[in-house]
Each structure stands twice: as structure tokens, then as C-alpha cells.
Amino acid sequence: MSTVPGPAGHPLLGVVPAFVADLLGTLEATFAEHGDLVAYRFGPKWPSRTVYGAYHPDDVARAMTDPEVFGRDTAGFKVIRESIGDGLLTLDGETWKRHRKLVQQLFTHRRVMGYTALMAEEAAKIVDDPSLRSGTVDLHDLMQRYTLRVVGRALFGDAIDDIVEELQELVQQLGELSTARRLQLFTLPLSLPTPRNRKLRDVRRRLFAIADRVLDLPSDPDADDLLTRLRGARDEETGAGLSEQEIRDEVLGFLLAGHETTAGALTFTLHELGRRQDVQADIAHATDDTLVRATIQEGMRLYPPAHSTERITLVDTKIAGYDVRAGSQILISPWVTHRHPDFWPNPTAFDPARFLDGGPTHRYAYIPFGGGARACIGMQFALMESTILLKTLLRSYRFDTTAHELSVNPLLTLRPNGPVRATATATTPQPV
Ligand code: HEM
């Protein structure tokens, strides 16, 4: 049985110090050195614990579409479940199936189209934001406020201004604490009162309190928001719905999975656009959405908001020609696969035209929203929301980011390190 190649790592800690120092840089470098399957040792050589990075689109496709071989009950998802409960993202098996069937009804194309008016209203508010009028702007702060207001209004029919700040702070803390927990060699039970566990439990308590507060708002049973629809959703065969507790976990999942990712996609795309005045002008003058879509897709190729995900092998299998035992953790990294040189010529260049000429040659070379049965349920929603915002913004402003470097931090989602600054200059508004 040939051994999967990988970095030697620290004698006692393995790859952990390198992952803590620079996760994405380490993944890229080890992929360049070792190829499509890389073995990462966590901790000492014995007892050894290995995570396999699978980077080739063929292997990503199998991991995402063959639930008989690749399961979801991984250490990383366990940490997320401990923090945000049992929503679609963290459920597995029959319960996941039941939830997905019900929640799916809320995200059909027709339903998502029903939210475009509120997205356009919120985008228009962003255009009038005082920070834009002042000329220098923090793109990330602006985009977080936009995506939170949009998901808040779509979910509850109401703006959630009073929780925006608290949620922004909690999401940052949750990302830092759960990433640190994920990289611990020995994960202590969350119930043990270590300083980090206490903080994580406090964040969890405050997140659930927010979800409860929102669920307690007086509701109109005829309203057209996601929460009312979720409460009314029934399984066609059994007639069963979700309990209030299940709904609370789903709502928290939407709030978290549904704003941070889209805010990142928009922020990173705008940062890159700030170096391409030509593309900004083309988008502002475009008569349809083709170019703006391609630009967002390219932004998410270079900066996939869900930069990594995981699966676990349920049986012995082969990956990239190597034998991999049942129970192995598999790391899937859109960050690395989106830079795979066999599928992306000149991979580090920002070039929206890639998506105008038919896009990637392999479906699983491009996986910002995952794939298979567990693909992102909010994909259409996120794409619609991003398209509307970018179009609206570029009709009124030009951005320049050439004086500012972008540095990213791979927490639960890909976040910028600190503010993402841009100079905004008002233009003569383009006709709609
Ligand atoms: C640009 C924005 C977004 C990105 C990049 C993104 C990315 C992803 C990815 C990669 C997955 C699959 C993870 C895996 O297979 O391991 C996923 C799942 C999910 N996403 Fe998104 N997402 C975005 C926006 C949204 C929005 C707006 C919502 C909801 C309002 C949402 C809700 C979910 C849920 C509930 C799941 C779990 C689906 C399941 O397992 O059945 N996401 N997302």
C-alpha cells in the first residue's frame, strides 16, 4: 500500500503550527509540492491522526456526491454543531433529509425572485450611505450591513438593525473560537470550564438569545417571509412540520450561513474590481447581468467564502489512486481547487472573462457553493442579492483599491483581516 505524500511537519505537533500560522498558504504550498492528495499529520507520529487534502475535481465530485462513501460527521462540523445547533448545515442522515425537503420549498427560483424588490431597496440604501458620500469606505462593514439587512428582512419581514452590530461581533468571535477549537490536538468537551470553552459557550448563548428574540416577535401568519413559511411548511407525504426548536436552529443557521458568506463574496469582488476601472465601467453600462454575474463568480473563485469543508470516509476507498481507510477525515479546499493549474490557466489573475467563455471545463473545478445533495440551499438567493448590489452600486460610484492590499483570514468563512478600504467617487448615475 503506497503512502500518501505530505509535509513532514513538526515532530510532535505535525502540521498544526503551519496551519495556525498560515492555513491557506500551507495548503497551496503542499498541493504544489505533493499533488492532488496530501496527507497532513495532526500531532505526534504515534498515535497518528491524519487528514487528507483532496484537491482534484474528480475526487471533490466523489466526496460531494457519494454519500455511501463520504459522510458528514466530521470533527469540524461537530464543532459548528456545538456552537450553532442542529440546522441543515450540521444535520446528517434521515433528519437532514426531512429538514432539507421542507426548507427547499422556501428557496425555489420563484420564491427567491420574490425577494428581489427588498434586495433592490436595501441596495439603494447602501448607495445613500454616509460613508460612501464621504469618499473613503470600509467595503466589508458596508457589505455586512447590506447582507444582514437583506437576510433579516427576507427571514422576518423586518429590518434587524438592532441586532446587526451584536451579530457582526458574535460572528467574528465564533469564527475565531471555533477555528482555534478545531485546531486543538485534543478537543476537550465544551462542558469543561476552560477560558476558551467559557467564551465559546457565552457566544453560543448570545446567538441563541438573538434567535429567540427574533422568533418571539409578533408574527402575521399571512406574511411572506421565510420564517412564516418555515412555520407553515409541511412534508407532502407525512404532513409533518418542524418543531419550534428545530425552526430556531434553522433560523440561526440562515442568519449565520446567509450573511457572512455573501458579505465576503461582495467585499472581495469589489476589492478586485477596485483595480479594474474598465470592468467597473462595463458593468455600469451593461444592459444585462451577464458581466456582473461573471465578475462575482470570478471573485468567489479567487476568494471562496466557504474556503474549506470536510467529509469523512465511511468505508475503505481509493482517492487519487491511493488507498484511504474508513474513518479518514477528508479536507476539501475550494481555495486550492479554484487555483488548480490544470483547470485554471494563470490561476491567480482576476479575470471575469473566464466565466463569459463557458466557465470551467470541469463542474467540480468550481465549488464555491459545494455540489451534490448538500449543495448550498441559498445559492440563488446569494447570487441574486450580490448581482443587485453590484449593479446598483456601480451605477453611482467608481471604486479604487489600488492603494490598499487585501489580507484574508480563513475562519469559519473567509474574512478580511480588518477593514477593506476603498476610495469611492460618485459618477453621473446610469439609467436603470
Ligand atoms: C456567497 C454566499 C454563499 C456561499 C459561498 C455559500 C457556500 C456554501 C457551501 C460551500 C455549502 C456546502 C458546504 C458543504 O458541502 O460542506 C453551503 C451550504 C449551505 N448554505 Fe450556503 N453559501 C452562501 C450563501 C448562503 C445563503 C444566503 C444561505 C441562506 C439564506 C445559505 C445557507 C446554507 C445552508 C442552510 C447550507 C446547508 C445545506 C445542506 O447541507 O443541506 N448559504 N453554503
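- As recorded by an unreviewed UniProt entry, the protein carries the name Cytochrome P450 and is attributed to Saccharothrix mutabilis subsp. mutabilis.

So, the overall build of the protein
Part 1 of the argument: Helices and strands together make up the secondary structure of the protein, namely 17 helices and twelve strands.
Part 2 of the argument: Seen through its principal axes, the protein has C-alpha atoms that stretch 65 × 50 × 45 Å.
Part 3 of the argument: Expressed as a percentage of contacts within the protein between residues at least 6 apart in sequence, the contacts between residues at least 24 apart total 73%.
Part 4 of the argument: Total accessible area on the protein stands at roughly 18,900 Å², and carbon and sulfur atoms take up 54% of it.
Part 5 of the argument: When the 48 basic and 56 acidic side-chain charges of the protein are each reduced to a single mean position, those positions are 4 Å apart.

Concerning the environment of Gln172
Part 1 of the argument: Within the secondary structure, Gln172 is located in helix α9 (residues 161-182).
Part 2 of the argument: For the pair Gln172 and Arg415, spaced 243 residues apart in sequence, the C-alpha to C-alpha distance is 8.8 Å.
Part 3 of the argument: Sequence-distant contacts of Gln172, defined by excluding residues within four places in its chain, comprise Leu411 and Arg415.

Overview of the environment of Leu102
Part 1 of the argument: Summarising the element assignment, Leu102 is placed in helix α4 (residues 93-104).
Part 2 of the argument: In this structure the C-alpha to C-alpha distance between Leu102 and Asp235, which are 133 residues apart in sequence, comes to 6.3 Å.

A word on the packing of helix α6 (residues 116-127) against helix α17 (residues 379-396)
Part 1 of the argument: Interaxial distance between α6 and α17 falls to 9 Å at its minimum, and their mutual angle equals 35 degrees. Crossing hand, α6 versus α17: right-handed. Taken together, the residues of α17 that come into contact with α6 (itself represented by Thr116, Met119, Ala120, Ala123, Ala124, Ile126 and Val127) are Phe381, Met384, Glu385, Ile388, Leu389, Thr392, Leu393 and Ser396.
Part 2 of the argument: A breakdown of the residues in the contact of α6 with α17 according to their chemical character gives eleven nonpolar, three polar and one charged.

Some details on the site of the ligand
Part 1 of the argument: Taken together, the neighbourhood of the ligand is formed by 25 residues, with Trp96, Arg100, Thr309, Arg311 and Cys376 sitting nearest.
Part 2 of the argument: Interatomic distance of 2.8 Å between a side-chain N/O atom of Trp96 and an oxygen atom of the ligand.
Part 3 of the argument: Grouping the amino acids of the shell around the ligand by side-chain chemistry returns 15 nonpolar, six polar and four charged.

Structural notes on the nonpolar core
Among soluble globular proteins, nonpolar side chains are generally buried collectively.
Part 1 of the argument: In terms of nonpolar packing, the biggest core is built from 113 residues, with Leu132, Tyr146, Leu207, Leu255, Leu393 and Phe399 touching the most fellow members.
Part 2 of the argument: By residue number, the principal contributor to this core is helix α8 (residues 139-156), which donates ten residues.
Part 3 of the argument: With residues up to four places along the chain from it excluded, the contact list for Phe399 reads Leu132, Val137, Leu139, Leu270, Gly274, Gln277, Gln280, Leu393, Leu394, Ala422, Thr423 and Ala424.
Part 4 of the argument: Of all hydrophobic cores here, the second largest spans 17 residues; its members include Tyr52, Val69, Phe70 and Ile332.

So, the pattern of salt bridges
Part 1 of the argument: Following the criterion strictly, the structure yields 30 salt bridges and no others.
Part 2 of the argument: For Arg98, the salt bridge is made with Glu246, and the minimal N-O distance between the two is 2.8 Å. You can see Arg98 sitting in helix α4 and its partner Glu246 sitting in helix α12 (residues 244-257), a full 148 residues away along the chain.
Part 3 of the argument: For Arg98, a relative accessible area of 29% gives the class partly exposed.

Definitions and cut-offs
- Residues numbered from 1 in each chain as written.
- Predicted model: local features only at pLDDT ≥ 70, side-chain atom pairs only at ≥ 80, totals over all residues.
- Heavy atoms only, no water.
- Helix = DSSP H or I, 4+ residues; strand = E, 2+ residues; numbered from the N terminus.
- Contact = heavy atoms within 4.5 Å.
- Areas by Shrake-Rupley, 256 points an atom, 1.4 Å probe, with all protein chains shown as cover.
- Lys, Arg positive; Asp, Glu negative; His and termini not counted.
- Charge placed at Lys NZ, Arg CZ, Asp CG, Glu CD.
- Axes fitted to C-alpha atoms, helices over the stretch in contact; angles between N-to-C directions.
- Left-handed = near helix turned anticlockwise from the far one by under 90°.
- Nonpolar A, V, L, I, M, F, W, Y, C, P; charged D, E, K, R; others polar.
- Near = heavy atom within 4 Å.
- Polar contact = N/O pair within 3.5 Å; in protein donor to acceptor, adjacent residues only side chain to side chain.
- Core = buried A, V, L, I, M, F, W, Y, C linked by side-chain atoms within 4.5 Å.
- Buried < 20%, exposed > 50% of the residue type's maximum accessible area, 1.4 Å probe, protein only.
- Salt bridge = Lys/Arg side-chain N within 4 Å of Asp/Glu carboxyl O.

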